[in-house]
Amino acid sequence: MSEIVRTTDLLKAITYEYENGDLSKEDYLELVKDINTANMIAETAEEQEQLTKLNGIINNIITGVSLVA
């Protein structure tokens, strides 16, 4: 299993906990912001697509949750 897939699964698990009330908004944002994809290397076109999608999701989460009062 690639690092990209493991990180995506981790993000899904964190999001699940947040949506079920197990994490506060602040804790959720902190955990999402701590996900570092800068050093991940995509070796195939499929992995590059997954990494691009993962980065987009992370950015959208940070933006969306930050805007919620």
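Look up: the structure comes first, before these words.
Okay, so let's go over this structure. The residue count restarts for each chain, going from 1 along the sequence in the order it is written. Given that this is a predicted model, residues contribute local features only at a pLDDT of at least 70 and side-chain atom pairs are listed and counted only at 80 or more, while totals for whole chains, interfaces and linings are drawn from all residues. Only heavy atoms go into the side-chain values, all of them from the structure, while hydrogens and water stay out.

**Quick look at the overall build of the protein**
Where we set the bar: Strands here are runs of E lasting at least two residues and helices are runs of H or I lasting at least four, both read from the DSSP assignment and numbered beginning at the N terminus. Only protein chains enter the area calculation, which uses a 1.4 Å probe; residues under 20% of their type maximum are buried, those over 50% are exposed, and those in between are partly exposed. Residues count as neighbours in contact if any of their non-hydrogen atoms are within 4.5 Å of one another. Working definition of accessibility: Shrake-Rupley area with a 1.4 Å probe, residue cover restricted to the visible protein chains. Charged residues are defined narrowly, with Lys and Arg counted positive, Asp and Glu counted negative, and His plus the chain ends left uncounted. Charged groups are reduced to one reference atom each: NZ for lysine, CZ for arginine, CG for aspartic acid, CD for glutamic acid.
What the protein contains, in helices and strands, is three helices and zero strands. Expressed as lengths along the three principal axes of its C-alpha atoms, the size of the protein is roughly 40 × 20 × 15 Å. For the protein, with 69 residues in total, the buried portion stands at 26%. Intrachain contacts of the protein at a sequence separation of at least 6 include 61% that bridge at least 24 residues. As presented, the protein carries roughly 4,800 Å² of accessible surface, and 51% of it is formed by carbon and sulfur atoms. Separation between the mean location of the 5 positive side-chain charges and that of the 13 negative ones in the protein comes to 4 Å.

**Topic: the packing of helix H1 (residues 3-19) against helix H2 (residues 25-33)**
Helices that pack against each other are described as a pair by the angle of their axes relative to one another and the distance between those axes. In plain terms, the rule: Axis lines are fitted through C-alpha atoms, for helices just across the contact stretch, and the angle between N-to-C directions can take any value from 0 to 180 degrees. Throughout, the term roughly parallel applies to angles under 35 degrees, roughly antiparallel to angles over 145, roughly perpendicular to angles from 65 to 115, and oblique to all others. Amino acid classes used here: Ala, Val, Leu, Ile, Met, Phe, Trp, Tyr, Cys and Pro are nonpolar; Asp, Glu, Lys and Arg are charged; the rest, including Gly, are polar.
At a minimum axis distance of 10 Å, the contact between H1 and H2 shows a crossing angle of 175 degrees. With respect to H2, the axis of H1 lies roughly antiparallel. Only Lys25, Tyr28, Leu31 and Val32 of H2 make contact with H1, whose side of the interface consists of Leu11, Ile14, Thr15 and Tyr18. Taken together, the residues that form the contact of H1 with H2 break down as six nonpolar, one polar and one charged.

**Notes on the side chain of Thr15**
Note that Thr15 resides in helix H1. Apart from residues no more than four positions distant in its own chain, Thr15 is found in contact with Tyr28 and Ile61.

**Brief notes about the nonpolar core**
What counts is decided by this rule: Buried Ala, Val, Leu, Ile, Met, Phe, Trp, Tyr and Cys residues form a nonpolar core when they are joined through side-chain atoms within 4.5 Å.
Among the nonpolar cores identified, the biggest contains 14 residues, and Leu11, Ile14, Tyr28, Val32, Ile58 and Ile61 are the most heavily contacted of them. Looking at this core, the elements with two or more residues in it are H1, H2 and helix H3 (45-67). Counting residues per element, this core draws most heavily on H3, at five residues. Contacts of Val32, omitting those with residues within four sequence positions, involve Leu11, Ile14, Ile58, Ile61 and Ile62.

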